[in-house]
Amino acid sequence: MTEKPLTHKQALATMIQALGGTWDTGRAVLALRVAGYQPVSDEAAGKEARHNLRELAKDGLIVRPDPDQAVYRPA
């Protein structure tokens, strides 16, 4: 049986849970690339990373302690 690949959101969640620490767009982009995401541009990579960080925050997996900075940490 073939395993279904992780979505970008699932891959990022797995990395955050495994590594902990603080997460910004740059670190999320790197994690997604390690997980196999091949963006068409750096702009697309950043947009995808920010989208997934916001989704994970909405799900309660991560929190944004300072509303003036786009830096997250595990909840």
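Rules used in this analysis
- Residues numbered from 1 in each chain as written.
- Predicted model: local features only at pLDDT ≥ 70, side-chain atom pairs only at ≥ 80, totals over all residues.
- Heavy atoms only, no water.
- Axes fitted to C-alpha atoms, helices over the stretch in contact; angles between N-to-C directions.
- Helix = DSSP H or I, 4+ residues; strand = E, 2+ residues; numbered from the N terminus.
- Parallel < 35°, antiparallel > 145°, perpendicular 65-115°, else oblique.
- Left-handed = near helix turned anticlockwise from the far one by under 90°.
- Contact = heavy atoms within 4.5 Å.
- Core = buried A, V, L, I, M, F, W, Y, C linked by side-chain atoms within 4.5 Å.
- Buried < 20%, exposed > 50% of the residue type's maximum accessible area, 1.4 Å probe, protein only.
- Expected span 1.5 Å × (residues − 1).
- Polar contact = N/O pair within 3.5 Å; in protein donor to acceptor, adjacent residues only side chain to side chain.
- Salt bridge = Lys/Arg side-chain N within 4 Å of Asp/Glu carboxyl O.

Asks: It is not clear to me how the packing of helix 1 (residues 8-19) against helix 2 (residues 25-34) should be interpreted in this structure. Could you clarify?
Replies: Pairs of packed helices are described in terms of their axes, by the angle between the two and the distance that separates them. Between helix 1 and helix 2, whose axes approach to 9 Å, the crossing angle comes to 110°. Here helix 2 runs roughly perpendicular to helix 1, going by the angle between their axes. As for the relative orientation of helix 1 and helix 2, their crossing is right-handed in sense. Packed against helix 1, whose contacting residues are His8, Leu12, Met15 and Leu19, the element helix 2 presents Arg27, Ala28, Ala31, Leu32 and Val34 at the interface.

Asks: It is not clear to me how the nonpolar core should be interpreted in this structure. Could you clarify?
Replies: Looking at soluble globular proteins, one finds that nonpolar side chains tend to be buried together. Core analysis: the biggest nonpolar cluster contains 16 residues, and Leu12, Ile16, Trp23, Leu53, Leu56 and Ile62 have the highest contact counts within it. Those residues in contact with Leu56 that sit more than four places away from it in its chain are Lys9, Leu12, Ala13, Ile16, Leu61 and Ile62.

Asks: Explanation requested: helix 3 (residues 42-58) in the structure shown.
Replies: An α-helical segment advances 3.6 residues per turn. Residues three or four places apart therefore align on the same side. For helix 3, with 17 residues, the first-to-last C-alpha span of 24 Å sits near the 24 Å given by 1.5 Å per residue. Among the structural elements, helix 1, helix 2 and strand 1 (62-63) are those in contact with the buried residues of helix 3.

Asks: Is there a simple way to explain the side chain of Asn52 in this structure?
Replies: Tracing the chain through its elements places Asn52 in helix 3. At a separation of 3.4 Å, a polar atom in the side chain of Asn52 contacts the main-chain amide nitrogen of Lys9. Every residue in contact with Asn52, bar those within four places of it in the chain, is listed here: His8, Lys9, Leu12 and Leu32.

Asks: What should I look at first to understand the pattern of salt bridges in this one?
Replies: Any two side chains of opposite charge can pair, so long as their charged atoms come close to each other. For the coordinates displayed, the defined rule picks out three salt bridges. Residue Arg33 pairs with Asp42 through a salt bridge whose shortest N-O separation is 3.1 Å. Across the pair Glu55 and Lys58 runs a salt bridge whose closest N-O atoms are separated by 3.6 Å. One end of the pair is Glu55 and the other is Lys58, both in helix 3 and three residues apart, which spans about a single turn. According to the relative accessible area criterion, Lys58 is exposed, its value standing at 64%.

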